[in-house]
Amino acid sequence: MTNIDFLVSGCNTHCQHCYVNGGPGPLMPVEDALLCIERLDLLASRLPGEVSFTLDHEPMNHPDIDRILQAAAQTQWIQNFHHGMTTGVGLMRRQDRHAVLQSYLKWGYSEFGITIHGSKAHHDEITQRPGAYDAAVSAADFLKAEGAELNISLMLNRFFPEDAESITGLLKRLQPSYIYFAIPIYTPHRNMGRFEPYRAAVEDIKNLQGYLAQWGQDESKILSLGEQSTPIAAAEQLRSGAGLPELFAKEQDELYLSLHQDCMLYVGNSGAETQCLGDLRSIDIESAAKTIASLPGNRDYGAFYQEDVLPASQALTAALTKLPPNLVYGDIESVFYRGLDELNIPTRLIPTQQPKSL
């Protein structure tokens with residue numbers, strides 16, 4: 001499976017846990033966006049397996065989103081994976097928001113979602129944008145009123161126990177179709193360390209007992225997953241014989257690429273780029289397809305680090321034991337990356353240049 005993160009615009013918030021380094025940024029000119037969709041479709045016709053792309057970071061910012069959605073919905077070889085998540089800021093400041101939403105519905109995209117980080121004050125603090133909470137809730141009301149399906153993602157942080165009543169009240173009022181409970185992951189991006197002071201611990205999940213059930217979650221499953229992805233659990237796994245080389249040797253079947261607003265195509269998800277393939281508007285499609293088809297999957301491990309820089313398991317274990325033992329991460333891989341960051345292990349990630357304006 002190959003997915004291209006298509007950055008058609010910047011985001012309206014700068015969430016401190018964002019694993020794709022989202023934040024304010026330029027728009028891709030509409031003619032470039034249309035050409036890139038056409039070129040991606042041609043590229044996909046030369047690639048094996050399923051190929052999809054995701055319009056990111058916040059497509060609703062784009063003034064020509066209707067034309068972009070039309071092109072995205074009519075590709076032949078590549079599928080537009082619509083995640084539908086919005087901060088609400090871009091949508092609710094548009095005078096034409098009714099037309100924008102109707103365009104989404106017209107082209108077959110009916111599911112949308114907002115992320116909630118707790119109370120209004122804590123939500124705005126973590127997203128680093130005053131008024132972000134009000135915008136998200138207003139967008140949720142608007143989406144439901146327009147006949148769209150509303151989903152809500154709850155992004156766990158250490159404030160959740162004290163904000164549980166506020167969260168419960170909001171969910172009861174909005175009545176979303178689906179509630180997703182997310183434990184933030186960790187990857188060695190340049191921004192993710194800022195979320196660590198907000199990261200929840202196992203005790204915080206335990207203090208949500210009763211609330212999680214009200215939010216439609218399996219309490220025992222979430223607690224079990226949390227306990228399995230802590231620094232103390234990762235250190236114990238290493239002591240039990242798990243080795244980094246063996247983990248890095250595991251075959252991965254997911255390949256992530258990213259397309260920036262300047263039309264430069266990279267290997268790696270947004271924020272985790274490891275190689276520049278060139279300008280999609282002009283690269284040789286046949287040559288690019290051969291290069292991409294030869295690449296290994298890059299969801300984890302080797303997506304971020306070269307094997308020859310990995311520390312001994314004992315060194316990583318020691319680094320993990322210096323961290324708060326019960327901090328909760330989205331998966332065990334995240335805990336290993338956090339430990340490698342603690343050791344200042346260099347990554348494979350390359351710097352990318354984003355134009356200030358286009």
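Residues numbered from 1 in each chain as written. Predicted model: local features only at pLDDT ≥ 70, side-chain atom pairs only at ≥ 80, totals over all residues. Heavy atoms only, no water.

## Details of the nonpolar core
Core analysis: the biggest nonpolar cluster contains 71 residues, and Phe6, Leu154, Phe181 and Trp215 have the highest contact counts within it. When near neighbours in sequence (up to four residues on either side) are disregarded, leucine 154 contacts Ile116, Phe160, Ile167, Leu171, Ile179, Tyr180, Phe181, Ala182 and Trp215. Counting residues in each nonpolar core, the second largest holds 25 residues, with Leu244, Tyr329, Val335 and Leu340 among its members. (Core = buried A, V, L, I, M, F, W, Y, C linked by side-chain atoms within 4.5 Å. Buried < 20%, exposed > 50% of the residue type's maximum accessible area, 1.4 Å probe, protein only. Contact = heavy atoms within 4.5 Å.)

## Describing the packing of aromatic side chains
Within this structure, the stated rule accounts for 13 aromatic pairs. Geometrically, the ring pair formed by tyrosine 301 and tyrosine 337 is edge-to-face, given 6.1 Å between the ring centres and 70 degrees between the ring planes. Of this pair, tyrosine 301 sits in the loop between α13 (285-293) and α14 (313-321) while tyrosine 337 is found in helix α15 (residues 332-342), placing the two residues 36 residues apart along the sequence. Taken as a pair, tyrosine 301 and tyrosine 337 share a single burial class, namely buried. Seen from their ring centres, phenylalanine 304 and tyrosine 337 are 5.0 Å apart, and the 65 degrees between their planes marks the pair as edge-to-face. Placement of phenylalanine 304 in the loop between α13 and α14 and of tyrosine 337 in helix α15 is noted, with a sequence separation of 33 residues between them. The class for tyrosine 337 is buried, based on a relative accessible area of 1%. (Phe/Tyr/Trp six-rings, centres within 6.5 Å; stacked < 30°, edge-to-face > 60°. Helix = DSSP H or I, 4+ residues; strand = E, 2+ residues; numbered from the N terminus.)

## Structural notes on the sheet that holds strand β3 (residues 79-80)
If you walk across this open sheet you meet the six strands as β3-β2-β1-β7-β8-β9, and the pairing is mixed. Two strands bound the open sheet, and with one partner strand each, they are β3 and β9 (275-279). Pairing geometry for strand β1 (residues 2-7) and strand β2 (residues 51-56), over six bridges, is parallel. Counted as the bridge partner of threonine 2 is valine 51 from β2. Against the sheet, helix α1 (residues 30-44) engages β1, β2, β7 (255-259) and β8 (264-267), with an angle of about 175 degrees to β1. (Pairing = 2+ DSSP bridges. Axes fitted to C-alpha atoms, helices over the stretch in contact; angles between N-to-C directions.)

## Some thoughts on the pattern of salt bridges
In this structure the tally under the stated criterion is 14 salt bridges. Ionic pairing is found between aspartate 96 and arginine 94, a salt bridge with its closest N-O pair at 2.9 Å. Its relative accessible area of 34% is what places aspartate 96 among the partly exposed residues. Judged by relative accessible area, which is 11%, arginine 94 ranks as buried. When the shortest N-O distance is used, the salt bridge between glutamate 236 and arginine 239 registers 3.8 Å. (Salt bridge = Lys/Arg side-chain N within 4 Å of Asp/Glu carboxyl O.)

## Digging into the state of the cysteines
If you walk through the whole model with that rule in mind, you get zero disulfides. Of all cysteine sulfurs in the structure, the one in cysteine 15 sits closest to cysteine 11, which takes part in no disulfide; the separation is 6.2 Å. With relative accessibility at 15%, the residue cysteine 11 sits in the buried group. Lacking any disulfide linkage, cysteine 276 is separated from the closest cysteine sulfur, that of cysteine 263, by 12 Å. Overall, the relative accessible area of 37% leaves cysteine 276 in the partly exposed class. (Disulfide = S-S within 2.5 Å.)

## Some remarks on the confidence of the model for the protein chain
Scored by pLDDT, the protein chain has a mean of 95; 98% of the residues are at 70 or more. Of the regions scoring below 50 in pLDDT, residues 354-358 engages in 13 contacts with residues more than four places distant in sequence or in other chains. (pLDDT = per-residue confidence, 0-100.)

## Overview of the side chain of threonine 2
With respect to the element layout, threonine 2 can be found in strand β1. By relative accessible area, threonine 2 is classed as buried at 8%. If we ignore the near neighbours within four places in the chain, the residues touching threonine 2 are Glu50, Val51, Ser52, Leu255 and Leu257.

## Looking at the environment of threonine 291
Tracing the sequence through the fold places threonine 291 in helix α13. The class of threonine 291 is partly exposed, set by a relative accessible area of 28%. For threonine 291, the contacting residues outside a window of four places in its chain are Gln275 and Leu277.

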